[in-house]
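Take a look at the letters that make up each chain.
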Amino acid sequence: MKKRVFLICFVILAACQEAPQEDFSPLAITSGDECHVCGMLITRLPGPKAQGIFDKQPVKFCSTRDMVSFYEDEENTHRVSQLFTQDMAVNDWTKPSVNRFIDAKAAWYVEGSSQTGGMGPTFASFANQSDAQNFSGQYGGQVKKFTQLLNAQTLGALQGGHLH
């Protein structure tokens, strides 16, 4: 009887454990890929591109602004497991590499620069703060972390609050 109770408790505890989060690698953007938000062909547009893992499926964006907009939608925030963007310190602004990505949540961004992306104003993304500061010095704008780009409702939900 004790063995059976122990076994049942073990099975219940094992079932309650959170499944390990899978890590996905960013995919190369191809000429036919469309932005998940606006439907534009991604490779035809300037500025940093982005992508994410949404419900274990890749989604791609023509700009970092579309990535943040998608992420902030209360239907999406908790369903996105990873986000990637491009380091514009090592990319050509008019035609960034289709296969070089960095962790978007760890990146530094410049908001409000004179450089525009596929849909107009965008967030210039960088792996290093010093590169973001250099870009800001040349093109204007403010250097920010990913969480500083998010609206208060999304940020509150990520810090343990609830989306309404």
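Everything numeric here is computed off the predicted structure, so don't read it as measured data.

Caption draft 1: Here's a closer look at helix α2 (residues 64-72). Along α2, 7 of the 9 residues are buried, which leaves the element largely enclosed by surrounding structure. Those residues of α2 lying buried are Thr64, Asp66, Met67, Val68, Phe70, Tyr71 and Glu72.

Caption draft 2: Looking closely at the confidence of the model for the protein chain. Considering every residue of the protein chain, the mean pLDDT works out to 84; 79% of them sit at 70 or more. Ranking the elements of the protein chain by mean pLDDT puts helix α1 (residues 2-16) last, at 47, and helix α3 (residues 129-139) first, at 98.

Caption draft 3: Broad picture of the sheet that holds strand β3 (residues 80-85). Taken together, 4 strands build an open sheet; the order of strands is β2-β1-β3-β4 and the sheet is antiparallel. In the strand order of this sheet, the two ends are held by β2 (57-61) and β4 (102-103), each with one partner. Sheet topology note: the strand β1 (residues 50-54)/β3 ladder contains 5 bridges and is antiparallel. Bridge pairing in β3 links Ala50 to Thr85.

Quick notes on the rules
Residues numbered from 1 in each chain as written. Predicted model: local features only at pLDDT ≥ 70, side-chain atom pairs only at ≥ 80, totals over all residues. Heavy atoms only, no water. Buried < 20%, exposed > 50% of the residue type's maximum accessible area, 1.4 Å probe, protein only. Helix = DSSP H or I, 4+ residues; strand = E, 2+ residues; numbered from the N terminus. pLDDT = per-residue confidence, 0-100. Pairing = 2+ DSSP bridges.

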